[in-house]
Amino acid sequence: MKVILETPRLILREFIPEDADGLERVISDPETMRYYPAPYDRTGVEDWIARNLARYEHDSYGLWAIDLKSSGEMIGDCGITEQEVDGEPLPEIGYHLRRDKWGRGYATEAARACRDYGFTRMNVDVLISLIRPENVPSCRVAERNGMSLWKETDRMGLKHLVYAVWRHEPSHHPLL
Ligand SMILES: CC(C)(COP(=O)(O)OP(=O)(O)OC[C@H]1O[C@@H](n2cnc3c(N)ncnc32)[C@H](O)[C@@H]1OP(=O)(O)O)[C@@H](O)C(=O)NCCC(=O)NCCS
């Protein structure tokens, strides 16, 4: 397994096909996926892993598995994927955590590590998070990751907030 990042409590590593059972406990949970069109079924979980393995190959980054150092168990995902926003491809930090592990700051810890990775290893100028307005916990994670609300956009017919953090001040960024 390829380790990408380490934080005080977490390891972020590349997914492997054998993660399907553990990931199913995360992204097949209807409560966890309430802001998505639907929870993933088993085929969806396997496709999700395959898609990220392809991203590692093609982009050298993607959504990574979060392992708890204390127990070794996989408790969710966090990572960077390219997402098109208003016709522009932008690197997005995303995260999903198993429900029994919410509220302990794990998503914030993982997201901050991904932000630093994006700026120092990928050399990107901006990192975004796309979040449904009703998803207050996710907005809080984005804010604690140094992001602020940039703009709104439409995805799959649904309003999404675009949170962003720039490597330099926003006024220096060519997007604005
Ligand atoms: C979003 C998510 C990853 C957050 O994970 P987490 O590890 O619990 O997040 P953290 O503990 O780091 O921080 C959560 C913040 O939201 C707050 N929060 C948690 N649950 C909340 C709720 N139901 N309503 C309002 N705020 C909430 C926490 O208090 C914390 O903020 P604070 O400590 O500054 O007060 C997790 O809730 C999740 O997996 N949600 C479902 C998947 C999802 O929506 N992913 C994001 C898609 S954009």
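In this report, we go over the structure that sits alongside the text. Along every chain, residues carry numbers that run from 1 in the direction the sequence is written. The predicted nature of this model means local features are confined to residues of pLDDT at least 70 and side-chain atom pairs, given and counted, to a pLDDT of 80 or more, with totals for whole chains, interfaces and linings taken over all residues. Where side-chain values are given, they derive from all heavy atoms of the structure, hydrogens and water being excluded.

## Concerning the site of the ligand
Here comes step 1: Any residue with a non-hydrogen atom lying within 4 Å of a molecule or strand is treated as near it. Close to the ligand lie 21 residues; Gly 103, Gly 105, Thr 108, Arg 140 and Arg 144 are nearest.
Here comes step 2: One nitrogen or oxygen atom from the main chain of Leu 97 is found 2.8 Å from an oxygen atom belonging to the ligand.
Here comes step 3: Between the ligand and the protein, one listed contact pairs an oxygen atom with a side-chain N or O atom of Arg 140 at 2.4 Å.
Here comes step 4: Burial of the ligand by the surrounding chains reaches 73%, relative to a free accessible area of 950 Å².
Here comes step 5: Secondary structure follows DSSP: runs of H or I at least 4 residues long count as helices, runs of E at least 2 residues long count as strands, and numbering of each begins at the N terminus. It is helix α4 (residues 136-144) that contributes the most residues to the shell around the ligand, 6 residues altogether.
Here comes step 6: Taken together, the residues that form the shell around the ligand break down as 11 nonpolar, 7 polar and 3 charged. Here a polar contact means two N or O atoms within 3.5 Å. Within protein one must be a hydrogen donor candidate and the other an acceptor candidate, and residues neighboring in sequence count only if both atoms are side-chain atoms. Using a 1.4 Å probe, the Shrake-Rupley method yields the accessible areas, and only the shown protein chains count as cover for residues. Throughout, the ten residues Ala, Val, Leu, Ile, Met, Phe, Trp, Tyr, Cys and Pro are labelled nonpolar, Asp, Glu, Lys and Arg are labelled charged, and all others, Gly among them, are labelled polar.

## Some remarks on the layout of surface pockets
Here comes step 1: Using protein atoms alone on a 1 Å grid, points that fit a 1.4 Å probe yet trap it form a cavity, whereas open point sets bounded by protein on both sides within 12 Å along at least five of seven lines form a pocket; residues with an atom within 4 Å of a point count as lining. Grid points are joined across faces, edges and corners, and a volume is the space filled by probe spheres set on the points. Considered as a void within the structure, the largest pocket measures approximately 1100 Å³ in volume.
Here comes step 2: Residue lining of the largest pocket: 44 residues in total, with Tyr 36, Tyr 95, His 96, Asn 135 and Ser 138 positioned closest to the centre.
Here comes step 3: Those elements that provide at least two residues to the lining of the largest pocket are α2 (42-59), β4 (74-85), β5 (88-97), α3 (106-120), β6 (126-131), α4 and β8 (158-166).
Here comes step 4: Among the elements that make up the lining of the largest pocket, the one with the highest residue count is β5 (6 residues).

Keep in mind that these numbers describe shape and distance, not what the molecule does.
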